[in-house]
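Descriptive structure summary
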Amino acid sequence: MTAQQKIAPCLWFDKQALEAAEFYVSAFPDSRIDNVIRSGVDWPAGEAGDVIFVEFTLSGVAHQALNGGANQPFTEAISLSVTCEDQAEIDRLWAALTDGGGEPIQCGWLKDRFGLRWQIVPASHQRMMREGNDEQLARLMAAMMNMVKFDVAALEAVFEGKEK
């Protein structure tokens, strides 16, 4: 973890911490595996020599992955939100994160093959949510609720009252 970042998400896996970290690193620029820690002894979720902890960076932000054992699945109560600059970035990340068994959900949400939920959100959506009046926000929310992967052009058109 960098000196500037005091808090990092720690993601709990059964035995796939390194596989998951490598998967996530492959999807985001400015990303890397920083450290892989193997257990020196047998432990409740594994054996001596197994990966126990992975430190990795996604787009410059430190994350951690822990092989803590089974029966701790990800739920809808936690997700990682990614702000995307344009439709091309949304499309690229959507394809990368659903690859290998991930699933689209709704409203820009997806679940990756490890069960972690992601919000893939255009930067323009965040701007519209902050700046819109009641009428614009109502149109935006109605359109958003009918989308799975966000369509930036359609959201912007609805927001401006120029439905596609």
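Residues numbered from 1 in each chain as written. Predicted model: local features only at pLDDT ≥ 70, side-chain atom pairs only at ≥ 80, totals over all residues. Heavy atoms only, no water.

**A closer look at the pattern of salt bridges**
The final tally for this structure, using the stated rule, is 7 salt bridges. We note a salt bridge from glutamate 19 to arginine 113, for which the minimum N-O separation is 4.0 Å. With glutamate 19 in helix 1 (residues 17-27) and arginine 113 in the loop between strand 7 (109-111) and strand 8 (117-122), the pair connects residues that are 94 residues apart, well separated along the chain. The partly exposed category is assigned to glutamate 19, whose relative accessible area is 41%. Judged by relative accessible area, arginine 113 falls into the partly exposed class, the value being 33%. Between lysine 149 and aspartate 91 there is a salt bridge whose closest N-O contact spans 2.9 Å. Pair noted here: lysine 149 is in the loop between helix 4 (134-145) and helix 5 (152-159) and aspartate 91 is in helix 2 (residues 87-98), with a separation of 58 residues, a long-range link. (Salt bridge = Lys/Arg side-chain N within 4 Å of Asp/Glu carboxyl O. Helix = DSSP H or I, 4+ residues; strand = E, 2+ residues; numbered from the N terminus. Buried < 20%, exposed > 50% of the residue type's maximum accessible area, 1.4 Å probe, protein only.)

**Observations concerning the state of the cysteines**
Within this structure, the stated rule accounts for 0 disulfides. With no disulfide of its own, cysteine 84 lies closest to cysteine 107 among cysteine sulfurs, the gap being 15 Å. (Disulfide = S-S within 2.5 Å.)

**Topic: the sheet that holds strand 8**
Read from one edge to the other, the open sheet built from 4 strands follows the order 5-8-7-6, with strand pairing classed as mixed. Edge positions in the open sheet fall to strand 5 (79-84) and strand 6 (103-104), since each of these has one partner strand only. Here 3 bridges tie strand 7 to strand 8, and the two strands are oriented antiparallel to one another. Bridge pairing links tryptophan 109 to glutamine 119 in strand 8. (Pairing = 2+ DSSP bridges.)

**Describing a nonpolar patch on the surface**
There is a patch of nonpolar side chains on the surface, built from Met129, Met141 and Met145 and spanning about 240 Å² of accessible area. The partly exposed category is assigned to methionine 141, whose relative accessible area is 32%. (Patch = residues over 30% accessible without salt bridge, like charges linked within 9 Å, V, L, I, M, F, W, Y side chains within 5 Å. Areas by Shrake-Rupley, 256 points an atom, 1.4 Å probe, with all protein chains shown as cover.)

**Section: the nonpolar core**
If you look at the biggest cluster of nonpolar residues, it comprises 30 residues, and the most contacted ones within it are Phe13, Tyr24, Phe56, Leu97, Trp118 and Ile120. Elements with a minimum of two residues in this core: strand 1 (10-13), helix 1, strand 3 (51-58), strand 5, helix 2 and strand 8. Among the elements that line this core, the one with the most residues is helix 1, at 8 residues. Every residue in contact with phenylalanine 13, bar those within four places of it in the chain, is listed here: Ala20, Tyr24, Ala65, Leu66, Asn67, Gly68, Gly69, Phe74 and Phe114. Residues Leu140, Ala143, Met144 and Ala154 belong to the second largest nonpolar core, which totals 12 residues. (Core = buried A, V, L, I, M, F, W, Y, C linked by side-chain atoms within 4.5 Å. Contact = heavy atoms within 4.5 Å.)

**Here's the deal with helix 3 (residues 123-131)**
Ser124, His125 and Met128 are the residues of helix 3 that are buried. The buried residues of helix 3 occupy an angular sector of 105 degrees when the element is viewed end-on, so they sit on one face. On its buried face, helix 3 is in contact with strand 8, helix 4 and helix 5. (Arc of directions from axis to C-beta.)

**Re the packing of aromatic side chains**
The final tally for this structure, using the stated rule, is 8 aromatic pairs. Relative to phenylalanine 114, the ring of phenylalanine 23 has its centre 5.7 Å away and its plane inclined at 65 degrees; by these criteria the two rings are edge-to-face. Of the two residues, phenylalanine 23 is situated in helix 1 and phenylalanine 114 in the loop between strand 7 and strand 8; the sequence distance between them amounts to 91 residues. The exposure class assigned to phenylalanine 23 is buried, which follows from its relative accessible area of 8%. Taken together, the ring pairs connect Phe13, Phe23, Tyr24, Phe28, Phe56, Phe74, Phe114 and Trp118 into an aromatic cluster. Here the guanidinium or amino end of arginine 113 rests over the ring plane of phenylalanine 23, the centre of that ring lying 4.1 Å away. (Phe/Tyr/Trp six-rings, centres within 6.5 Å; stacked < 30°, edge-to-face > 60°. Lys NZ or Arg CZ within 6 Å of the ring centre and 35° of its normal.)

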